[in-house]
Amino acid sequence: MQIIEDIIGLFAERGDSLYGGELISQRDHALQAAMLAENENATPVLIVATLLHDIGHLVHDLPEDSSNRGVDDKHESLGEAYLESAFGIAVAAPVRLHVAAKRYLCAVEDGYLERLSEASQISLGLQGGPFTMEEINDFESLSHWMDAVRLRRWDDLAKVEGMVTPSVDHFKGYMETVLEMQQI
Ligand SMILES: [Fe+2]
């Protein structure tokens, strides 16, 4: 269970950094998103993916406002690489796809792009903009794409200053459950 201790350590040591261009911390953003997933009775796998979807931001050393400086930190790929061997593809894939899910929703849902926060609209440009028709079809053929879309909606809502959430420790049991599932 070393990775759980490592993750708790990352949130403790680096979680105060601001969530790219927003007014809340990485830790608060992760906890708000995971709480929304839990409130909607998501599976432990999807709750863990949601809690850890931006862990890639905490494992690199780029500045916290890198997207405002025109740099895409590719945090979704860093997160996938960090998580996959321990938590499995069902956690890692929605993490990898949560940026693509934003591009997907911008293309298929009227008004979605306009509802994104300013920071999220800025990073959208760096990430390639809304999907084309062909990219939409490709995305819908991927495994775990629907989980990525659900995760994305919680991600978008998890930017509320001052919202009260459970602590990281509250979600430890879900991480343990998913690790144990991987070891069966
Ligand atoms: Fe996020």
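Scoring rules and cut-offs
Residues numbered from 1 in each chain as written. Predicted model: local features only at pLDDT ≥ 70, side-chain atom pairs only at ≥ 80, totals over all residues. Heavy atoms only, no water. 1 Å grid on protein atoms, 1.4 Å probe; cavity = no way out; pocket = protein on both sides within 12 Å on 5 of 7 lines; lining within 4 Å. Points joined across faces, edges and corners; volume = space filled by probe spheres on them. Nonpolar A, V, L, I, M, F, W, Y, C, P; charged D, E, K, R; others polar. Helix = DSSP H or I, 4+ residues; strand = E, 2+ residues; numbered from the N terminus. Buried < 20%, exposed > 50% of the residue type's maximum accessible area, 1.4 Å probe, protein only. Contact = heavy atoms within 4.5 Å. Phe/Tyr/Trp six-rings, centres within 6.5 Å; stacked < 30°, edge-to-face > 60°. Axes fitted to C-alpha atoms, helices over the stretch in contact; angles between N-to-C directions. Parallel < 35°, antiparallel > 145°, perpendicular 65-115°, else oblique. Left-handed = near helix turned anticlockwise from the far one by under 90°.

## Comments concerning empty space enclosed by the protein
In the structure shown here, the tally under the stated rule is one cavity of 30 Å³ or more. Along its surface, the largest cavity is lined by F11, Q26, A30, L51, D54, I55 and L58. Here the residues of the lining of the largest cavity are counted per class, giving five nonpolar, one polar and one charged.

## Brief notes about the layout of surface pockets
Of the volumes computed, that of the second largest pocket is approximately 170 Å³. Put simply, the parts of the chain that give the lining of the second largest pocket at least two residues each are helix 7 (112–115) and helix 10 (145–157). Class assignment for the residues of the lining of the second largest pocket results in three nonpolar, one polar and five charged.

## Topic: the side chain of H29
Tracing the sequence through the fold places H29 in helix 2 (residues 26–39). Looking at H29, the relative accessible area reads 0%, which means it is buried. Every residue in contact with H29, bar those within four places of it in the chain, is listed here: Y19, I24, H53, D54, D155, A158 and K159.

## Let's talk about the environment of V164
As for its placement among the helices and strands, V164 is situated in the loop between helix 10 and helix 11 (172–183). For V164, a relative accessible area of 72% corresponds to the exposed category. Along the chain, V164 and V48 lie 116 residues apart, while their C-alpha atoms are 19 Å from each other.

## Description of the packing of aromatic side chains
Following the criterion strictly, the structure yields five aromatic pairs and no others. Here the aromatic rings of F139 and W145 are separated by 5.8 Å at their centres, their planes lie at 70°, and the arrangement is edge-to-face. Each member of the pair, F139 as well as W145, carries the same accessibility label: buried. Aromatic ring contacts, followed pair by pair, group Y104, F131, F139 and W145 into a single cluster.

## With respect to the environment of K172
Mapped onto the fold, K172 is located in helix 11. Looking at K172, the relative accessible area reads 25%, which means it is partly exposed. K172 sits 138 residues away from A34 along the chain, and the two C-alpha atoms are 12 Å apart. Sequence-distant contacts of K172, that is, excluding residues within four places in its chain, are made with I4, E5 and I8.

## Remarks on the packing of helix 3 (residues 44–51) against helix 10
Each packed pair of helices is defined by two parameters, the angle between the axes and the distance between the axes. Across the interface, helix 3 lies against helix 10 with an axial gap of 10 Å and an inter-helix angle of 50°. Relative to helix 10, the element helix 3 lies oblique. As helix 3 runs across helix 10, the sense of the crossing is right-handed. Contacts between helix 3 and helix 10 involve L46, A49 and T50 from the former and D147, R150, L151 and W154 from the latter.

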